[in-house]
Amino acid sequence: IAKQKVIKSDRKSYKLKYLAVSKNHIAVCGSGKEIQIYNYSLNPIKTIRSKTIPKGLAYSSNGEFLMAGAGAIPLNVNIYSVNRKYKKIQSFQKHTNATIAVAFLNNSTAISGGGNNSEIYIWDRASAEVKRKIEGVGDTVWSVGVNGDSIAWGNKWQGGDTHKGGTKLQKSLNLKNFSIRSSVNQNFKRISTTN
């Protein structure tokens, strides 16, 4: 039986809450102001220090970029270049509340949302220019998902674990023709919006 390796934090108050996996690396963050990067053997590769508390993590599909939301001021969504030793290369500064749902629509387009500001931004990874903005009508965004050319969200808290689908997706937007549907199948890849 092979011996299993366990990652342990050296700080008792530090909780690991968010996880992203690429073809080569595992990124984790929690209650502190840093992101830990490991290889698949669970050997530490890099510690990314942040001015905010990172919330939510996502790798681009090509594994070249890592995105992190924010849970404290400054509320910037940051993108790091994997090939440049996780150097921060972009900081999206439009959110005015905690941003705990992040994902890449493709390798050059980012999506970020969550928190009580009822907004989801679709923006260019390289320039941070907003491509589209979805605004709620006063409701909190509790769930977010991506499926092909569509993004879906839910504004009603239904209990349960939002990360595991406890809160259903209720509306979707097709990003090719910008049509909105009010009934959504649940075959979307969920983006964690848990705190």
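See the structure above.
Below, the structure is looked at part by part. (Residues numbered from 1 in each chain as written. Predicted model: local features only at pLDDT ≥ 70, side-chain atom pairs only at ≥ 80, totals over all residues. Heavy atoms only, no water.)

**Quick notes on the layout of surface pockets**
Then comes step 1: Each pocket or cavity is described by its volume, and for the largest pocket that value is around 650 Å³.
Then comes step 2: L57, A58, V102, K189 and R190 are, among the 30 residues lining the largest pocket, the residues nearest its centre.
Then comes step 3: Listing elements by their share of the lining of the largest pocket, those giving two or more residues are β1 (16-21), β5 (54-59), β9 (101-106), β13 (143-147) and β17 (189-191).
Then comes step 4: Classifying every residue of the lining of the largest pocket gives 15 nonpolar, 11 polar and 4 charged. (1 Å grid on protein atoms, 1.4 Å probe; cavity = no way out; pocket = protein on both sides within 12 Å on 5 of 7 lines; lining within 4 Å. Points joined across faces, edges and corners; volume = space filled by probe spheres on them. Helix = DSSP H or I, 4+ residues; strand = E, 2+ residues; numbered from the N terminus. Nonpolar A, V, L, I, M, F, W, Y, C, P; charged D, E, K, R; others polar.)

**As for a nonpolar patch on the surface**
Then comes step 1: On the surface, L19, V21 and Y40 cluster together into a nonpolar patch covering about 330 Å² of accessible area.
Then comes step 2: Here L19 lies in strand β1. (Patch = residues over 30% accessible without salt bridge, like charges linked within 9 Å, V, L, I, M, F, W, Y side chains within 5 Å. Areas by Shrake-Rupley, 256 points an atom, 1.4 Å probe, with all protein chains shown as cover. Salt bridge = Lys/Arg side-chain N within 4 Å of Asp/Glu carboxyl O.)

**Here's the deal with the packing of aromatic side chains**
Then comes step 1: Throughout the structure, instances matching the rule amount to 2 aromatic pairs.
Then comes step 2: Measuring from ring centre to ring centre gives 5.3 Å for F92 and Y121, while their planes differ by 65°; the resulting arrangement is edge-to-face. Residue F92 is located in strand β8 (residues 87-92), and its partner Y121 is located in strand β11 (residues 119-124); the two are separated by 29 residues in the primary sequence. Considered together, F92 and Y121 belong to a single accessibility category, that of buried residues.
Then comes step 3: Ring centres of F92 and W123 lie 4.3 Å apart, and the angle between their planes is 10°; this geometry places the pair in the stacked category. With F92 in strand β8 and W123 in strand β11, this residue pair connects regions lying 31 residues apart in the sequence.
Then comes step 4: Judged by relative accessible area, F92 falls into the buried class, the value being 1%.
Then comes step 5: An aromatic cluster is present here, built from F92, Y121 and W123 joined pairwise through their rings. (Phe/Tyr/Trp six-rings, centres within 6.5 Å; stacked < 30°, edge-to-face > 60°. Buried < 20%, exposed > 50% of the residue type's maximum accessible area, 1.4 Å probe, protein only.)

**Section: the sheet that holds β17**
Then comes step 1: On the basis of which strands lie adjacent, the open sheet formed by 5 strands has the order β16-β15-β14-β13-β17 and antiparallel pairing. Two strands bound the open sheet, and with one partner strand each, they are β16 (180-181) and β17. (Pairing = 2+ DSSP bridges.)

**Observations concerning the pattern of salt bridges**
Then comes step 1: This model, assessed by the stated rule, comprises 3 salt bridges.
Then comes step 2: Close ionic contact of E119 with K133 constitutes a salt bridge, the shortest N to O distance being 3.2 Å. One end of the pair, E119, is in strand β11; the other, K133, is in strand β12 (residues 130-135), with 14 residues separating them in the sequence.
Then comes step 3: Using a relative accessible area of 14% as the deciding quantity, one classes E119 as buried.
Then comes step 4: Taking the relative accessible area as the measure of exposure, K133 reaches 37% and is therefore partly exposed.

**Digging into the pairing of strand β14 (residues 150-154)**
Then comes step 1: Of all the 5 residues making up β14, 5 are buried; the element is thus mostly covered by neighbouring parts of the structure.
Then comes step 2: Neither face of β14 is open: one carries S150, A152 and G154, the other I151 and W153, and all of them are buried.
Then comes step 3: The pairing of β13 with β14 spans 5 bridges and is antiparallel. Residue pairing for β14: G145 is matched across the bridge by A152.
Then comes step 4: Here β13 folds back onto β14, and the loop between the two strands holds 2 residues, one of which, G148, carries a positive phi near 60°.
Then comes step 5: In this structure, β14 lies alongside strand β15 (residues 171-174), joined through 4 bridges in antiparallel fashion. By the bridge assignment for β15, W153 is matched with K171.

**Looking at the nonpolar core**
Then comes step 1: Counting 15 residues, the largest nonpolar core has A27, I35, I37, L57, Y59, L66 and Y86 as its most contacted members.
Then comes step 2: Elements that contribute at least two residues to this core include exactly β1, β2 (25-30), β3 (34-39), β5 and β6 (65-70).
Then comes step 3: If sequence neighbours within four positions are ignored, Y59 has contacts with A20, V21, S22, H25, I26, A27, I37, F65, L66, V82, Y86 and F104.
Then comes step 4: In this structure, I122, V141, V144 and L173 belong to the second largest nonpolar core, which totals 14 residues. (Core = buried A, V, L, I, M, F, W, Y, C linked by side-chain atoms within 4.5 Å. Contact = heavy atoms within 4.5 Å.)

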